[in-house]
Every structure is written in structure tokens, then in C-alpha cells.
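# Descriptive structure summary
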Amino acid sequence: MSVTVNIPADMEVVYEYPRSMNKVYTHYCPGCPHGILHRLIAEVIDELGIQDRCIGVAPVGCSVLIYKYFNVDFVEAAHGRAPAMATGIKRTNPDKIVFTYQGDGDMAAIGTAEAIHAANRGERLTTVFVNNAIYGMTGGQMAPTTLPGMVTTSTPMGRDVRLAGYPVPMSEILAQTKGAVYITRQMALDLPSIVKTKKAIKRAFMAQMADLGYSSVEVLSTCNTNWNMSPWDSMVWAKEHMVPTFPLGDFKMTDEVRALKVR
Amino acid sequence: MAKGMVVIDVDRCKGCGLCVQVCPVGILQLSPDAFNAKGYHPVMVTEMEKCTGCASCARICPDVVFTVYRKKRVRKSA
Ligand SMILES: Cc1ncc(C[n+]2csc(CCOP(=O)(O)OP(=O)(O)O)c2C)c(N)n1
Ligand code: SF4
Ligand code: SF4
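The structure contained in this document is the topic of the report that follows. Each chain carries its own residue numbering, running from 1 in the direction its sequence is written. Lettering for chains starts from A, numbering for ligands starts from 1, and both go in the order in which the items are written. Owing to the predicted nature of the model, reporting of local features is limited to residues with pLDDT of at least 70; listing and counting of side-chain atom pairs is limited to 80 or more, with chain, interface and lining totals taken over all residues. As a rule here, side-chain values cover all heavy atoms of the structure and leave hydrogens and water aside.

### A word on the overall build of chain B
Note on conventions: DSSP H or I runs of at least 4 residues are helices, E runs of at least 2 residues are strands, and numbering of each starts at the N terminus. A count of helices and strands for chain B gives two helices and four strands. Along chain B, helices (α) and strands (β) appear in the sequence β-α-β-β-α-β when read from the amino end. The dimensions of chain B, computed from C-alpha atoms along their principal axes, are 55 × 20 × 20 Å. Accessible area is worked out with a 1.4 Å probe on protein chains only. A residue is then buried under 20% of its type maximum, exposed over 50%, and partly exposed in between. Sorting the 78 residues of chain B into buried and exposed places 47% on the buried side. The contact rule is simple, with two residues in contact once any of their heavy atoms fall within 4.5 Å. When contacts within chain B are restricted to residue pairs at least 6 apart in sequence, long-range pairs at least 24 apart make up 60% of them. Accessible area for chain B stands at about 4,100 Å²; split by element, carbon and sulfur atoms hold 53% of it. Under the convention used here, Asp and Glu are negative, Lys and Arg are positive, and both His and the chain ends fall outside the count. The atoms used to mark charge sites are NZ of Lys, CZ of Arg, CG of Asp and CD of Glu. On chain B, the mean spot of the 12 positive side-chain charges and the mean spot of the 6 negative ones are 16 Å from each other. Residue exposure ignores everything except the shown protein chains as possible cover, and the areas themselves are Shrake-Rupley values with a 1.4 Å probe.

As C-alpha cells, then:
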């Protein structure tokens, strides 16, 4: 459907479709923050003017098709292996800006080793780590990040920490590595936090552009479909229940990263 | 005259309702009767005159449905 709209001459555009995103529909459920985060990354790539130099590495999980949605180069990694693949790409193409986009199943379960070692080696990579406390794509099973007592399809009585352990604090762990220069946890659960998350993603990309080391932005997110809530209710729920377990903040920020001027 | 204005790409909308929650002047709602090509009740503007062009709707939208316009600021001459 094409609609022609007359824009009054005294109006200027303040928000328009990011250039780094393809004009296609995404397959995400209505209200899924994956869409918000794709948009934020595309806006950052546009603002930094790095569309031609960017290479994304796609995960396995609901965002497995992310390469279709971005108007930048992309490759698909095996489940959890995005940081390893990104390492090879960045080392052979040091002038490119390489980022991985990973869910909590991808990054904190099957791909824990790859993530920690990439950070520890100080690979010049940027990771956007979307933590929705569940395996979304496969039908809502428990992830290592699932909250204690949280009901999922594989923990119908709630996560029992005696059997399944505690939520994995990925950002706190990554912050211990020497090679990491910027490790932060944000959330995309309301308007102010979305604005802050964008700024963090921008800082993380800028840290790579300045060749400083590994950077990761964990973003608390939702899976309204598998949580069985409306999109807005899931955001309210996550703010109330996820933040106490996964506190927000910068777990590591070197002086060089702090000195970056992020506008 | 309105300070701002939004253009809605109706067929991109999945009717998630996040924008309805954040619009500070409460002028967004999901169309009660209409469906879009994907079968969702898309968002609609009830009173465009009240739009401030703040772009809150665009900043929470997961599906890039909104293009937002705002009245140009006229510089005061010294
Ligand atoms: C090697 C391998 N093991 C298991 C799977 C099944 N699998 C697909 S997606 C997924 C988990 C995805 O969860 P997450 O990373 O949290 O992303 P989300 O879907 O929640 O966005 C699993 C276990 C797979 N595809 N490949
Ligand atoms: S299943 Fe969950 S994570 Fe996957 S698209 Fe739907 S809401 Fe998003
Ligand atoms: S630009 Fe602001 S005021 Fe206008 S519809 Fe969007 S949220 Fe409401």
C-alpha cells in the first residue's frame, strides 16, 4: 500500500527509517524488543557513518535471521560461536567494524567459552547481548539466565536452584577479563532506558573504532510470547523482576572508553 | 496548528501497543475495527493537532512504523 502524505513546508523530519536497515518486515512477535534493538544498532551505525565498514555476525536464536534486516554485511555463525567467527573476520580485516548479536541462550549457555575467551583476548569486537531469561526460539525453555522460581516450559514448577543452579551473571564475569574495556548492562524496557541503551551501544562501537579492546552491552529484554504476557506488561514485569537479579550499570569502563565523546 | 506530526506505515504495524503506552499526549490507539495487510489492528492517531513531534512512539517501536515531523524552530533574530 503506498500512501502519499503532504508534509507542511514548516515541518522537518525528526525521525525516519534508518539507512542501515532493510525495508522488510521482521518475523518477530509483536512487541518483541529484538526489533527495538535492531533499530538502535542501525541508528548507531548510521550516526557513526560506518555502514560500509560494518560486518555483523548472526547468532542462533530468535534473531537468527537478523542478516535479512540489516543493510550491512552479515555472516551466520553456529550456535554460540559468533565471537569465534567474529575474531577471524576482525583479525583478517582489522579495518572493519565487527559486531556479534547474541541471545542469552547463545551467549550464556552453549557459547560461554567463546564469549569469555574473546573478551579475555581483548578482541576488537562489539557484542550486543540480549538477555530475555529464556530460550525464545525453541519454545520458552529454561536458559542459564532464567530467574529462580521462574516457570518455563522445561521448569513447569519454577527454576529450582538446587537442581539448575543460579542465573549466570555474564557481564560481571566478562568484566573480570583483562581484555575487556567496556562491559555494561542496560535494559530496553521503557523510553528512558532505550535512550540509554542506544548510548551504550554507541560507546561500545566507538571503543572498537578506537581499537581499545572488547566491548559488550548486555540488554535486559523480554519474550512476551513465552512469558505469556502482553508486550507492555512483560516490560513492566522485567523491570520489577529481572533488575534485582541482573543489576544495571557499567561493570568495566577503562579511562580511554570513559574519555570517548558519545553524543 | 500542530507542533508535530507522524506518518504511520500501516502495514508494518503489528499492533503491539507499546507506542500507545508512551505517547505523552495520549493520541495513539489501536484501530478497533480496521485490520492491516498482516491481519493486525494497526495503530492510529486520534487527534493529530495534539502531536508534539517528540518521537517517543518512534523510539519504542520495534517495527519502525513511524516517521516523525516537527515544526522547524524559527531562530529569534538578535
Ligand atoms: C548446536 C545447537 N544446539 C541447540 C540448538 C537449538 N536452539 C536453537 S535456538 C536455542 C536457544 C536460543 O535462545 P536465546 O539465545 O536466548 O535467544 P532467543 O531465542 O531467546 O532470542 C537453542 C537451544 C541449535 N540450533 N544448535
Ligand atoms: S519468541 Fe520471544 S524472543 Fe522470540 S520473537 Fe517472540 S517475543 Fe521475541
Ligand atoms: S510524536 Fe510524540 S506526541 Fe506525536 S504521536 Fe508520537 S509520541 Fe505522540
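### Notes on the site of ligand 1
All names here are of chain A. Each residue is tested against the molecule or strand, and it is near if at least one of its non-hydrogen atoms lies within 4 Å. The environment of ligand 1 is made up of 16 residues, and the closest members are His34, Cys62, Gly105, Asp106 and Gly136. A distance of 3.0 Å is found between an oxygen atom of ligand 1 and a side-chain nitrogen or oxygen belonging to Asp104. At 2.8 Å, a backbone N or O of Asp106 approaches an oxygen atom of ligand 1. When ligand 1 is considered free in solution it has 600 Å² of accessible area, and contact with the protein chains removes 72% of it. Mapped by element, the contributors of at least two residues to the shell around ligand 1 are α3 (104-110) and β6 (134-135). Of the residues forming the shell around ligand 1, the biggest block, four residues, is contributed by α3. Grouping the amino acids of the shell around ligand 1 by side-chain chemistry returns six nonpolar, eight polar and two charged. Whenever two N or O atoms come within 3.5 Å, that pair is a polar contact, provided that in protein one can donate a hydrogen and the other can accept it, and provided that, for residues adjacent in sequence, both atoms are side-chain atoms. In this count, Pro and Cys sit with the nonpolar residues alongside Ala, Val, Leu, Ile, Met, Phe, Trp and Tyr, while Asp, Glu, Lys and Arg are called charged and the others, Gly among them, polar.

### Digging into helix α1 (residues 33-48) of chain A
What a helix is expected to span follows from its residue count: subtract one and scale by 1.5 Å. Here α1(A) spans 23 Å end to end across 16 residues, near enough to the 22 Å set by a 1.5 Å rise per residue. A:Gly49 sits one or two residues past α1(A) and shows a positive phi near 65°.

### Considerations on the interface of chain B and chain A
Facing 34 residues of chain B, the contacting portion of chain A comprises 35 residues. Contact with chain A buries surface across chain B, with B:Arg12, B:Arg59 and B:Val64 losing the most and accounting together for 20% of the total. Counted as salt bridges are all cases of a side-chain nitrogen of Lys or Arg within 4 Å of a carboxyl oxygen of Asp or Glu. At the boundary of chain B with chain A, the tally comes to one salt bridge. One salt bridge in this structure joins A:Asp10 and B:Lys71, with 3.7 Å as the shortest N-O distance. Two parts placed together each lose some accessible area; with a 1.4 Å probe, that loss summed over both constitutes the buried area.

### Describing the sheet that holds strand β1 (residues 4-8) of chain B
For two strands to count as paired, DSSP must find a minimum of two bridges between them. The strand order across the open sheet formed by three strands is β1(A)-β4(B)-β1(B), and the pairing between neighbours is antiparallel. Edge positions in the sheet fall to β1 (11-15) of chain A together with β1 of chain B, since each has one partner strand and no second. The sheet shows a mean angle of 30° between the axes of neighbouring strands, taken without regard to direction. Summarising the sheet, β1(B) and strand β4 (residues 66-71) of chain B pair through five bridges and their orientation is antiparallel. For B:Gly4, the partnering residue across the bridge sits in β4(B) and is B:Arg70. Fitted lines through C-alpha atoms give the axes, limited to the stretch in contact for helices. The angle between two N-to-C directions lies from 0 to 180 degrees.

### Points about the side chain of A:Asp46
All names here are of chain A. Relative to the assigned elements, Asp46 resides in helix α1. Salt bridges are absent for the buried Asp46, whose nearest opposite-charge side chain, Arg19, sits at 4.5 Å. If we ignore the near neighbours within four places in the chain, the residues touching Asp46 are Pro18, Arg19 and Ser20.

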